[in-house]
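# Structural characterization, general
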Amino acid sequence: MLSSFINDVKNNKLPQVSWIVAPAGYSEHPSFTPDFGAHYVNTVLQTLFSNPEMWKNTALFVTYDEHDGFFDHRLPPFPETSVTDEYIGGLPIGPGTRVPMLICSPWTRGGYVDSNVYDHTSVLRFLTAWTGVKPANVTSWRASVTGDLTTAFDFRHPDFSIPRNIPTLDQTWALTQLTGGSTAPPAEGAQKMPAQERGIRPHRPTNYQLHADVTVDRTTSQVTAALTNTGKVGASLSVYPDAILPFVPTPFTVLPSAPGSYVWDATLTAGKYAFSVYGPDGFLTSFAGQVVPAGQNSGHVPVVTAILRSGTVELTLANEGQQEVTYTLTPNDFKGHTQTVAVKSGKSKTIGWPTDQDGYYDVVITATSAGGFRRRYAGRIA
């Protein structure tokens, strides 16, 4: 109960771990207004602020079960069917669609965004890192691809001061009186698209470094994507056909010690291929084109490879054909500018594609060739 929490903070008797579940009217579940939820959370915060010494030793996790998956760039990750304890009735049991989480503490000040992958067991594993008590029902697969939330904290630079920009309880309570306890949806035809907040939030470190690139075997018509992760924790990647084959995902658990490999057999698709690799934190690589059989070099035979460097994606644009290939590099987001690069027969050129201040990049590469040659590299260099 909230009243018990308030009394415990006041009397310096707050347990090591407390769970506070808001009543329905304050839960922000539709159709209750978010204003009541804001007031409830503010009550918990102001209670902690009223005891500065306790605030210096407390982290508040604010979690929800209402998702915003329509804004995600990928479907929720899931493991291979061979993974035990992650399937019921042949269907994966999670993780699910993204939900919001806020962490309020002296070690998470500054409005940082953490783009590592977490799930509902991450809170339990955070408690494990702090108390040493291990939860009983966290599978090894889930622990390998989701974090324990410690990366969200900056324990070296805490700010123990009481925040000054938090509304008072009177101010948040006044907001609740404007809605009467529920929020009526806009009339049909009166809805408006939400406007995304401008600017870029600072980021916490990323625990993984993901990359995927392809090699095309022109003798066997096998298009192979090498899936790598040179970070600290594993990641769940999904490969989706973009065309030709059914839009069905193939999951890959890619650990720092165990890279993955996906093969598109172009002998079954008349030499054509088109697929994308999706991962967390905006990671996306796409590959499309037509396999030019070995020995048929009279036309255009473009070849592109990418290597992640510090602050730069190193793109090598090659030409295995006898006709000059013109590449077009286009920024889909973040930094970079559109440019064309001509590569003569048997030659190659290397282009350094920039990242933004947080290491993000997103570039699309097309080439003059039959078969719709296209490459896209997007992600973050940690």
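The coordinates are above.
Structural notes, computed from the coordinates.

About the criteria used
Residues numbered from 1 in each chain as written. Predicted model: local features only at pLDDT ≥ 70, side-chain atom pairs only at ≥ 80, totals over all residues. Heavy atoms only, no water. Helix = DSSP H or I, 4+ residues; strand = E, 2+ residues; numbered from the N terminus. Buried < 20%, exposed > 50% of the residue type's maximum accessible area, 1.4 Å probe, protein only. Contact = heavy atoms within 4.5 Å. Areas by Shrake-Rupley, 256 points an atom, 1.4 Å probe, with all protein chains shown as cover. Lys, Arg positive; Asp, Glu negative; His and termini not counted. Charge placed at Lys NZ, Arg CZ, Asp CG, Glu CD. Pairing = 2+ DSSP bridges. Axes fitted to C-alpha atoms, helices over the stretch in contact; angles between N-to-C directions.

So, on to the overall build of the protein. For the protein, the count of helices and strands is six helices and 18 strands. Summarising its shape, the C-alpha atoms of the protein cover approximately 80 × 45 × 45 Å along the three principal directions. Of all 382 residues assigned to the protein, the portion counted as buried reaches 39%. Pairs at least 24 apart in sequence give 65% of the contacts found in the protein among residues at least 6 apart. Put simply, the protein shows about 21100 Å² of open surface, and 55% of that area lies on carbon and sulfur atoms. One way to put it: in the protein the 27 positive side-chain charges average out to a point 7 Å from where the 31 negative ones average out.

Turning our attention to the sheet that holds strand 13 (residues 312–319). Pairing between sheet strands relies on hydrogen bonds along the backbone, with the strands arranged either parallel or antiparallel. Pairing in this open sheet of three strands is antiparallel, and the strands run 12-13-16 from one edge to the other. Strands at the two margins of the open sheet, each flanked by one partner only, are strand 12 (302–309) and strand 16 (348–354). Across this sheet, the average inter-strand angle for adjacent strands is 20 degrees, counted without regard to direction. Bridging between strand 13 and strand 16 involves seven bridges; their strand directions are antiparallel. Across the sheet, residue Leu315 finds its bridge partner in strand 16, namely Ile351.

Let us now look at unusual backbone geometry. Cis geometry marks the peptide bond from Gly94 to Pro95, where omega comes out at -5 degrees. Residue position: Pro95 is located in the loop between strand 3 (91–92) and strand 4 (101–104). Although it is not a glycine, Glu28 sits at a positive phi angle of roughly 70 degrees. Position of Glu28 among the secondary structure elements: in the loop between helix 1 (2–10) and helix 2 (34–49).

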